[in-house]
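Report on the structure
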Amino acid sequence: MAVLNQKGGVGKTTVTLGLASAAAAAGRRVLVIDLDPQGSSSWVLGVEPNSVGVTVGDVLEKAPIKRAIVPSAWSDLVDVVPATADLQRLESGQAESKRAGRLRKALGANRIGDYEVVLIDCPPSLGNLTTNALTAARHALVVVEPSALGLRGIGGVADAIDAVWDDHNPDLELSGVILNRVPAVSSEAERRIAELTRIVGSSAIWQPSVPQRVIFNQAVGERRSIHSYASRAAEPIAVFDRLWSRLRTSIHHAAR
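The present account deals with the structure reproduced in this document. (Residues numbered from 1 in each chain as written. Predicted model: local features only at pLDDT ≥ 70, side-chain atom pairs only at ≥ 80, totals over all residues. Heavy atoms only, no water.)

Points about the overall build of the protein
Definition in use: A helix here means a DSSP run of H or I that spans at least four residues, while a strand means a run of E at least two residues long, and both kinds are numbered starting from the N terminus. We compute the radius of gyration from the C-alpha atoms alone; for a globule the expected value is 2.2 Å times N to the 0.38, where N is the number of residues. Here a residue-residue contact requires only that any non-hydrogen atoms of the pair lie within 4.5 Å. Computed with the Shrake-Rupley method and a 1.4 Å probe, the accessible areas treat only the protein chains shown as cover for residues. For the purpose of charge, His is not counted, nor are the chain termini; Lys and Arg are scored as positive and Asp and Glu as negative. Note on charges: their place is set at NZ of Lys, CZ of Arg, CG of Asp or CD of Glu.
Tallying secondary structure elements over the protein gives eleven helices and seven strands in all. Since a compact globule built from 256 residues should have a radius of gyration of about 18 Å, the 17 Å found for the protein is in line with a globular shape. C-alpha atoms of the protein, sized along the principal axes, occupy 50 × 40 × 35 Å. Put simply, 81% of the contacts in the protein that link residues at least 6 apart link residues at least 24 apart. Only carbon and sulfur atoms are counted for the fraction: they give 49% of the accessible area of the protein, which is about 11,200 Å². Of the side chains in the protein, 28 bear a positive and 26 a negative charge, and the two mean positions are spaced by 2 Å.

In structure tokens form, the structure reads like this:
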């Protein structure tokens, strides 16, 4: 599942890691592939950039993906294919059509492990790296913040998904949209949610929304899973447990 939006700062990494946390809490194995040159998912999962051997960038240049998989510091149920800053060089340069299938080939050519799901954390762009993620994925999950700027790129994301479906991956489907950083009370957020509903339809928006909570920033800063906070993060944990259940329903329904 590719987690994406061309807008930066909407919380793609928060959602990716929240789902990984919920998977581990449910006793399920998950692989996080970090396709963002900032390497935020890798870092929060406990991978130090200066300790990385084989990276996702090497995989896109035909290194075996099994060599790039490392255990996270969170749980033996969560593994990661890390990114470092040098991944940026692959975002542009060669034409997308020449590189679009690299990650898909890497995943298809190797038995990488018995994972319930592979979560691909995409960069805040619609370039080569996101195209690779969408070409490799069966599902696309768009993360949106309910603000004017947060919604501006939603049309471009939908167009990118359609283009990859046409050119590279006829198995790809838009599984849904997750609203992130939703304030408890905000008329502006309510207007933007209504606008998003008009654009994508109410059935495409996964429930529940992810609330705006300080504990998420704390978890990132301390490089911990949201589930490790137990009762201190009861509401966010319940949200991601339900979203994880929705994700599993989506992927298993598609598999049938």
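Once the structure has been displayed, the description carries forward.
Brief notes about the nonpolar core
As a rule of thumb, nonpolar side chains are buried together in soluble globular proteins. The line we're drawing: Take the buried residues of types Ala, Val, Leu, Ile, Met, Phe, Trp, Tyr and Cys, join any two whose side-chain atoms come within 4.5 Å, and each joined set is a nonpolar core. Relative accessibility under 20% of the residue-type maximum defines a buried residue, over 50% an exposed one, and the middle range a partly exposed one, all with a 1.4 Å probe and only protein chains included.
Counting residues in hydrophobic clusters, the biggest one holds 44 residues, and the most contacted among them are I33, L35, I65, L103 and I120. With 39 residues, the next largest nonpolar core counts A20, V210, I215 and I237 among its residues.

A closer look at the side chain of N169
Let me state the cut-off plainly: Under this definition, polar contacts are N or O atom pairs within 3.5 Å; protein pairs additionally need one hydrogen-donor-capable and one acceptor-capable atom, and for neighbouring residues in sequence, both atoms have to be side-chain atoms.
Structurally, N169 can be placed in the loop between helix 8 (154-167) and strand 7 (173-179). Within the structure, N169 has its side chain in polar contact with the backbone oxygen of L134 (distance 2.9 Å). The residues contacting N169, other than those within four sequence positions of it, are R104, L134, T135, A136, A137 and V164.

A closer look at the sheet that holds strand 6 (residues 139-144)
Sheets are built from strands paired through backbone hydrogen bonds, the pairs being either parallel or antiparallel. Our working rule: Whether two strands pair comes down to DSSP finding at least two bridges between them. Helix axes are fitted only over the stretch in contact, all axes being lines through C-alpha atoms; the angle between N-to-C directions runs from 0 to 180 degrees.
One open sheet holds the seven strands; their spatial order is 3-4-2-5-1-6-7, and the pairing between them is mixed. Either end of the sheet is taken by a strand with one partner, and the two such strands are strand 3 (70-71) and strand 7. Of the pairings in the sheet, the one linking strand 2 (residues 30-34) to strand 5 (residues 117-121) comprises five bridges and is parallel in character. In the strand pairing of strand 5, D34 is matched with D121. On the sheet, helix 1 (residues 12-25) packs against strand 1 (2-4), strand 2, strand 4 (78-81), strand 5, strand 6 and strand 7 and is oriented at approximately 160 degrees with respect to strand 5.

What about the environment of F240?
Along the polypeptide, F240 turns up in helix 11 (residues 234-255). The spatial distance from the C-alpha of F240 to the C-alpha of H252 is 18 Å, given a sequence separation of twelve residues. Those residues within four positions of F240 in sequence are excluded, and the remaining contacts are T14, V15, G18, L19, A22, V210, F216 and H227.

Quick notes on the pairing of strand 6
Within strand 6, six of the six residues are buried, which leaves it mostly tucked inside the rest of the structure. Burial along strand 6 is two-sided: the face carrying H139, L141 and V143 and the face carrying A140, V142 and V144 are both buried. Pairing of strand 1 with strand 6, which is carried by three bridges, proceeds in the parallel orientation. For A2, the partnering residue across the bridge sits in strand 6 and is A140.

Let's talk about empty space enclosed by the protein
Quick reminder of the rule: Buried and open spaces are told apart on a 1 Å grid over the protein atoms alone, a cavity being a set of points where a 1.4 Å probe fits but cannot get out and a pocket being an open set with protein on both sides within 12 Å along at least five of seven lines. Residues with an atom within 4 Å of a point are the lining residues. Grid points are joined across faces, edges and corners, and a volume is the space filled by probe spheres set on the points. Classes in brief: Ala, Val, Leu, Ile, Met, Phe, Trp, Tyr, Cys and Pro nonpolar; Asp, Glu, Lys and Arg charged; the others, Gly included, polar.
Here the structure, examined in full by the defined rule, presents one cavity of 30 Å³ or more. When its volume is computed, the largest cavity comes out at roughly 120 Å³. Along the walls of the largest cavity sit 13 residues, with T14, L17, A219, V220 and R224 positioned nearest its centre. Only helix 1 and helix 10 (214-222) provide two or more residues apiece to the lining of the largest cavity. Broken down by element, the residue count for the lining of the largest cavity peaks at four residues, all from helix 1. For the lining of the largest cavity, the class distribution of residues is eight nonpolar, four polar and one charged.

Points about the layout of surface pockets
In this approach a probe as big as a water molecule rolls over the atoms, and the regions it shows empty are the leftover space. Quantified by volume, the second largest pocket comes out at close to 380 Å³. Surrounding the second largest pocket, 21 residues form its lining, G11, K12, T13, T14 and R181 being those nearest its centre. A total of four residues in the lining of the second largest pocket trace back to one element, the largest contributor, which is helix 10. When its residues are assigned to classes, the lining of the second largest pocket shows seven nonpolar, ten polar and four charged.

Observations concerning helix 6 (residues 128-136)
Among the nine residues in helix 6, nine count as buried, and that is most of the element. Every buried residue of helix 6 is listed here: N128, L129, T130, T131, N132, A133, L134, T135 and A136.

Overview of the packing of aromatic side chains
Quick reminder of the rule: Aromatic contacts are taken between Phe, Tyr and Trp rings whose centres are within 6.5 Å, Trp giving its six-membered ring; a plane angle under 30 degrees counts as stacked, one over 60 as edge-to-face, and the others as tilted. In this analysis the charged atom, NZ for Lys or CZ for Arg, is taken to sit over a ring once it is within 6 Å of the ring centre and within 35 degrees of the ring normal.
Here the structure, examined in full by the defined rule, presents one aromatic pair. Aromatic pair F216 and F240: ring centres 6.0 Å apart, planes at 80 degrees, arrangement edge-to-face. A residue pair is termed long-range when its members are at least 10 positions apart, and F216 in helix 10 and F240 in helix 11 qualify at 24 residues. No difference in accessibility class separates F216 from F240, as the two residues are buried. Cation over ring: R224 sits above Y229, and NZ or CZ is 3.8 Å from the ring centre.

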